[in-house]
Amino acid sequence: MPVESPHPVPGANGLFALDPNVAHLNHGSYGAVPLPVQRVQARLRAEQEQDPDGFFADLPDRIAQARARIATALGGRPDRLALLTNVTEGIAVALGSIPLAEGDEILVTDHGYGVVNQAAERRAVECGARVRTVRLSLHTPDLDAVREQVLAAVGERTKVAILDLVTSPTAREIADERLLADLTERGVTTVVDAAHAPGMLPVDLGQAAGGADFWVGNLHKWAFAPRAGAVLAVRGAWRSRVRPLTLSWEHDRGFPARVEWRGTADYTPWLAAPAGFSLLEQLGTERIRDHNATLAAYGQQELVERTGLRALPAMPGLAMRAVRLPPGVAESEHAAKALMVQVRRKLNTRIAVRPWAGGGALRISAQIYNRAEEYQKLAAGLGELLMR
Ligand SMILES: Cc1ncc(COP(=O)(O)O)c(C=O)c1O
């Protein structure tokens, strides 16, 4: 059944400072901070400059309050999650906290975020461990098949698995609860890269960090928070073993303060993050999710129909979709970047392109500031660009 473009969300117009001459179809990379949230952060910064000593004296309490609000929005408990700058940092904290010995294995997939997989490599080299990369078919939509492939790669020395909740290049789900439970049963420590989850998907961190040992999600992508903010939820006994990246004055305190504090820094993104969740709720979290998922599906349909490109498997409820580029296009990092630049310069459109052997993956996002026409224009223009 053809997908109809959704009705615009009332009140969404004018909420963002985005350049109206550009089609911003890449919310999934850096997010976009709504104006009311920008104003909250600007007030916090002004307050900080009026009395830096007073501001920093009150900061631990204010961070705890912000964390409590964020925890409520994510169904978790504030003593079980820490605020961080971003997922890159959260993965580094997780990897640095899990003991690894020579010969141990870290499992990742080829859909994993580039620098996350590189962080696994670096950690492995430091410990004499190895990284095993599970190669998942680009076109298999079936979560059961993905689960089987990941489990089949688990060996005696597999100590850690780093899996995406929603993958970046291909916009698909991997780390479902069943897979995490199966890995836990096999004694594998699970780290979930949930960069896209807060705000985009219903999240229930509940008792067990979303079913993982370490679960890290960005607030600045889909939760309307200022850059940069993220949440690291940690299961049970791991909390007392978390090793912060920075030794700070809070190192004697328990989780989460010792992980959160990194000396003098700008903590206003965390303090303003609750305003992002409040705005989401005010606009209607469910309504935004439906709008974005439908618009992303519409955009993918436009790309497929107008260019003949193949849709990559779609996951219901996601505000991102991807299509496969033809062989020879965007197969290297350099070529993928060049295509993004061309699309930006010639079509005034922002998208994400990731290299893949046999033809790269082009990802579109949808957010309440996007319109059906933007995807139509991309599809028409991309068809022409690819024919050249
Ligand atoms: C799946 C995934 N993991 C990790 C990241 C890294 O996020 P950050 O740069 O905020 O650390 C991204 C960013 O796009 C991502 O999509």
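Residues numbered from 1 in each chain as written. Predicted model: local features only at pLDDT ≥ 70, side-chain atom pairs only at ≥ 80, totals over all residues. Heavy atoms only, no water.

## Considerations on the pairing of strand β7 (residues 214-218)
Part 1: Counting buried residues along β7, five of its five residues qualify, which places the element largely inside the surrounding structure.
Part 2: Burial of β7 is two-sided: the residues Phe214, Val216 and Asn218 facing one way and the residues Trp215 and Gly217 facing the other way are all buried.
Part 3: When strand β6 (residues 189-193) meets β7, the two strands line up parallel, connected through three bridges. Its bridge partner lying in β7, Asp193 is registered against Val216.
Part 4: As defined by bridge partners, β7 adjoins strand β8 (residues 230-234) across five bridges and the pair is classed as antiparallel. Following the sheet pairing, Phe214 is matched in β8 by Val234. (Buried < 20%, exposed > 50% of the residue type's maximum accessible area, 1.4 Å probe, protein only. Helix = DSSP H or I, 4+ residues; strand = E, 2+ residues; numbered from the N terminus. Pairing = 2+ DSSP bridges.)

## Focus on the domain arrangement of the protein
Part 1: Segmentation of the protein into domains returns domain 1 (37-280) and domain 2 (284-387).
Part 2: Taking the mean C-alpha position of each, domain 1 and domain 2 sit 27 Å from one another.
Part 3: Taken residue by residue, the interface counts 22 residues in domain 1 and 25 residues in domain 2.
Part 4: Contact between domain 1 and domain 2 buries roughly 2100 Å² in total, counting both sides, with carbon and sulfur atoms accounting for 67%.
Part 5: When the buried surface of domain 1 facing domain 2 is broken down by residue, Leu138, His139 and Trp222 rank first, second and third, together holding 29% of it.
Part 6: Applying the counting rule to domain 1 against domain 2 returns zero salt bridges. (Domains from an automatic or database assignment. Contact = heavy atoms within 4.5 Å. Buried area = accessible area lost by both parts, 1.4 Å probe. Salt bridge = Lys/Arg side-chain N within 4 Å of Asp/Glu carboxyl O.)

## Focus: the packing of aromatic side chains
Part 1: Scanning the model with the defined rule gives six aromatic pairs in all.
Part 2: On the numbers, 4.9 Å between centres and 70° between planes, the contact of Phe16 with Tyr369 is edge-to-face. A residue pair is termed long-range when its members are at least 10 positions apart, and Phe16 in the segment before β1 (23-24) and Tyr369 in the loop between β13 (361-365) and α12 (372-387) qualify at 353 residues.
Part 3: In this structure Tyr369 comes out as buried when scored by relative accessible area, which is 14%.
Part 4: Centroid distance Tyr267 to Trp270: 5.2 Å. Interplanar angle 70°. Geometry classified as edge-to-face.
Part 5: We classify Tyr267 as buried; its relative accessible area is 2%.
Part 6: Take Trp270: its relative accessible area is 4%, and that puts it in the buried class.
Part 7: Directly above the ring of Trp238 sits Arg241, whose terminal nitrogen or CZ lies 4.5 Å from the centroid. (Phe/Tyr/Trp six-rings, centres within 6.5 Å; stacked < 30°, edge-to-face > 60°. Lys NZ or Arg CZ within 6 Å of the ring centre and 35° of its normal.)

## Here we look at the pattern of salt bridges
Part 1: In total, this model carries 19 salt bridges according to the counting rule given.
Part 2: Linking Glu47 and Arg62 is a salt bridge whose minimum nitrogen-to-oxygen distance equals 2.6 Å. Residue Glu47 is found in helix α2 (residues 35-50), and its partner Arg62 is found in helix α3 (residues 52-73); the two are separated by 15 residues along the sequence.
Part 3: Judged by its relative accessible area of 23%, Arg62 falls in the partly exposed class.
Part 4: Among the ionic pairs, Arg289 bridges to Glu286, the shortest N-O distance being 3.4 Å. Of the two residues, Arg289 and Glu286 are both situated in helix α10 (residues 285-307); the distance of three residues between them amounts to about one turn of the helix.
Part 5: Residue Arg289 is classed as buried on the basis of its relative accessible area, which comes to 16%.
Part 6: Bridged by salt links that share partners, the residues Asp144, Arg147, Asp176 and Arg178 form one connected network.

## Some words on the sheet that holds β13
Part 1: Strand order in this open sheet of four strands is β9-β10-β13-β12, and the pairing throughout is antiparallel. Sheet topology places β9 (310-311) and β12 (352-354) at the edges, where each strand pairs with a single neighbour.
Part 2: Of the strands in this sheet, β9, β10 (320-324) and β13 are in contact with α10, which crosses β10 at around 15°. (Axes fitted to C-alpha atoms, helices over the stretch in contact; angles between N-to-C directions.)

## Let's talk about unusual backbone geometry
Part 1: Ala228 follows Arg227 through a cis peptide bond whose omega is 5°.
Part 2: One non-glycine residue, Phe224, adopts positive backbone phi at about 60°.
Part 3: Positionally, Phe224 belongs in the loop between β7 and β8.
Part 4: Judged by relative accessible area, Phe224 falls into the buried class, the value being 1%.
Part 5: At Ala330, a position not held by glycine, the phi torsion is positive, near 55°.
Part 6: Among the structural elements, Ala330 can be located in the loop between β10 and α11 (333-347).

## A few points about the site of the ligand
Part 1: Near the ligand you find 13 residues, and of these Thr88, Asp193, His196, Asn218 and Lys221 are the closest.
Part 2: Between the ligand and His196 there is a distance of 2.7 Å, counted from an oxygen atom to a side-chain nitrogen or oxygen.
Part 3: The contact in question runs from an oxygen atom of the ligand to an N or O atom on the side chain of Asn218, over 2.9 Å.
Part 4: Grouping the amino acids of the shell around the ligand by side-chain chemistry returns four nonpolar, six polar and three charged. (Near = heavy atom within 4 Å. Polar contact = N/O pair within 3.5 Å; in protein donor to acceptor, adjacent residues only side chain to side chain. Nonpolar A, V, L, I, M, F, W, Y, C, P; charged D, E, K, R; others polar.)

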